[in-house]
Amino acid sequence: MSRSIAKRYASALFELADESYQIDKVVVDLDLIHQAFLDSEDFARFIKNPIIPYEKQVDVLEQLFSKKIQKVTFEFLKLLAKKERLDLLDFVALEFKTFVQESQGVIEAEVFAAQKLSAEQEKDIKNQLKKRLDKKVDLLVTVDEDMLGGFKVKIGDEILDYSLDHQLRDFKDAVLKG
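None of the values given here were measured: they were computed from a predicted structure.

Q: Is there a simple way to explain the sheet that holds strand β2 (residues 136–143) in this structure?
A: Ordered in space as β2-β1-β3-β4, the four strands form an open sheet in which the pairing is mixed. Two strands bound the open sheet, and with one partner strand each, they are β2 and β4 (158–163). Put simply, the sheet's adjacent strands are angled 20° from each other on average, direction ignored. Of the strand pairs in this sheet, strand β1 (residues 106–113) and strand β3 (residues 150–155) are connected by four bridges, and their pairing is antiparallel.

Here it is in C-alpha cells:
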C-alpha cells in the first residue's frame, strides 16, 4: 500500500523535475537526503515520527537542506511533511529513480546467483536481457548461498527462474504427473 502511494508521489516529483529540466539535480538532492538518513539515526527517527508537528518538520528540513537542494525538491519535502508522508521518503526516492531510468530507456534487473558470477557471465546475462527487453540493463548481482545452482533474475514484479532448484521442482512435478 505505502509503495503504491510512494509511486504516485514519485511520479508527481518526476513530472515537476522534468518540466523544470532538473531531473539530474533532483536525483542528486534525493541522494543527499538519503545519505543524511543513513548518517544520522536522529534524522531517520525524525523522518519516521508522525507526532512531530508540520511547522517543526519544515523548520528542521529548512535548516538542513534549504540551501543545499533545489527549490523543487525542498517544496516537495514540505508537501510530504504537510501530507504526513515523510516516512515514505525512501520509497519515493527509489520510485523516482525508477522513473528516471525508464525515461532513459534503462531497466534495473536483480540477479540472484548460487555463486559469484564472472564478468563474462554478467555480460552474457546483461546482453540476453537487453535483447529480450530492448532496453539498456543495469544489473545488481547478489549471491544466494541457499540456491543449489543457476540464477534468478528479478525485473520489477517479474521473476525469471533459471535456478537448479526450479529445474528440479519441474522435473519432480513432471515425474509425479506422468
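Q: What should I look at first to understand the pairing of β1 in this one?
A: In terms of strand pairing, β1 meets β2 through eight bridges, oriented parallel. Bridge pairing links V111 to V141 in β2.

Q: Help me understand the environment of K130, please; the structure alone is not making it clear to me.
A: Note on placement: K130 falls in helix α7 (residues 119–133). K130 gets classed as partly exposed once you look at its relative accessible area, which sits at 47%. Separated by 73 residues in sequence, K130 and Q57 place their C-alpha atoms 44 Å apart. If near-sequence neighbours (up to four positions away) are discounted, K130 is found in contact with K135 and V137.

Q: Explain the pattern of salt bridges here, please?
A: Per the counting criterion, the structure on display carries eight salt bridges. We note a salt bridge from D31 to K97, for which the minimum N-O separation is 2.3 Å. With a gap of 66 residues between them, D31 in helix α2 (residues 23–39) and K97 in helix α6 (residues 89–103) connect regions that are remote in the sequence. According to the relative accessible area criterion, K97 is partly exposed, its value standing at 31%. Between R45 and E41 there is a salt bridge, with its nearest N and O atoms 3.7 Å apart. Here R45 pairs with E41, and both are found in helix α3 (residues 41–48), just four residues apart, close to one helical turn. Classification of E41 by relative accessible area gives exposed; the value is 62%.

Q: Would you mind showing me how to read α7 here?
A: Residues three or four positions apart in an α-helix share a direction because the helix packs 3.6 residues into each turn. Compared with an ideal rise of 1.5 Å per residue, which puts 15 residues at 21 Å, α7 spans 21 Å between its outermost C-alpha atoms and is within 8% of the ideal. A positive backbone phi angle near 55° is found at D134, which sits one or two residues after α7.

Q: Help me understand the nonpolar core, please; the structure alone is not making it clear to me.
A: Where a protein is soluble and globular, its nonpolar side chains tend to be buried together. Core analysis: the biggest nonpolar cluster contains 36 residues, and F43, L61, L77 and F96 have the highest contact counts within it. Broken down by secondary-structure element, the contributors of at least two residues to this core are α1 (2–19), α2, α3, α4 (54–65), α5 (71–82) and α6. At seven residues, the largest contribution of residues to this core is made by α1. Not counting residues within four places of it along the chain, the set of residues in contact with L61 comprises F43, F46, S66, F74, L77 and L86. Core analysis: the next-biggest nonpolar cluster, separate from the first, contains eleven residues, A109, V111, I125 and L160 among them.

Q: Looking at this structure, I do not really get the packing of aromatic side chains. What am I missing?
A: Two aromatic rings are characterised by how far apart their centres lie and by the angle between their planes. One pass over the structure, following the stated rule, counts six aromatic pairs. Judged by centre distance (6.3 Å) and plane angle (70°), the rings of Y9 and F76 are edge-to-face. Placement of Y9 in helix α1 and of F76 in helix α5 is noted, with a sequence separation of 67 residues between them. There is no split in this pair, since Y9 and F76 are both buried. Put simply, the rings of F14, F96 and F99 touch in pairs and so form one group of aromatic residues.

Basis of the calculations
- Residues numbered from 1 in each chain as written.
- Predicted model: local features only at pLDDT ≥ 70, side-chain atom pairs only at ≥ 80, totals over all residues.
- Heavy atoms only, no water.
- Pairing = 2+ DSSP bridges.
- Helix = DSSP H or I, 4+ residues; strand = E, 2+ residues; numbered from the N terminus.
- Axes fitted to C-alpha atoms, helices over the stretch in contact; angles between N-to-C directions.
- Buried < 20%, exposed > 50% of the residue type's maximum accessible area, 1.4 Å probe, protein only.
- Contact = heavy atoms within 4.5 Å.
- Salt bridge = Lys/Arg side-chain N within 4 Å of Asp/Glu carboxyl O.
- Expected span 1.5 Å × (residues − 1).
- Core = buried A, V, L, I, M, F, W, Y, C linked by side-chain atoms within 4.5 Å.
- Phe/Tyr/Trp six-rings, centres within 6.5 Å; stacked < 30°, edge-to-face > 60°.

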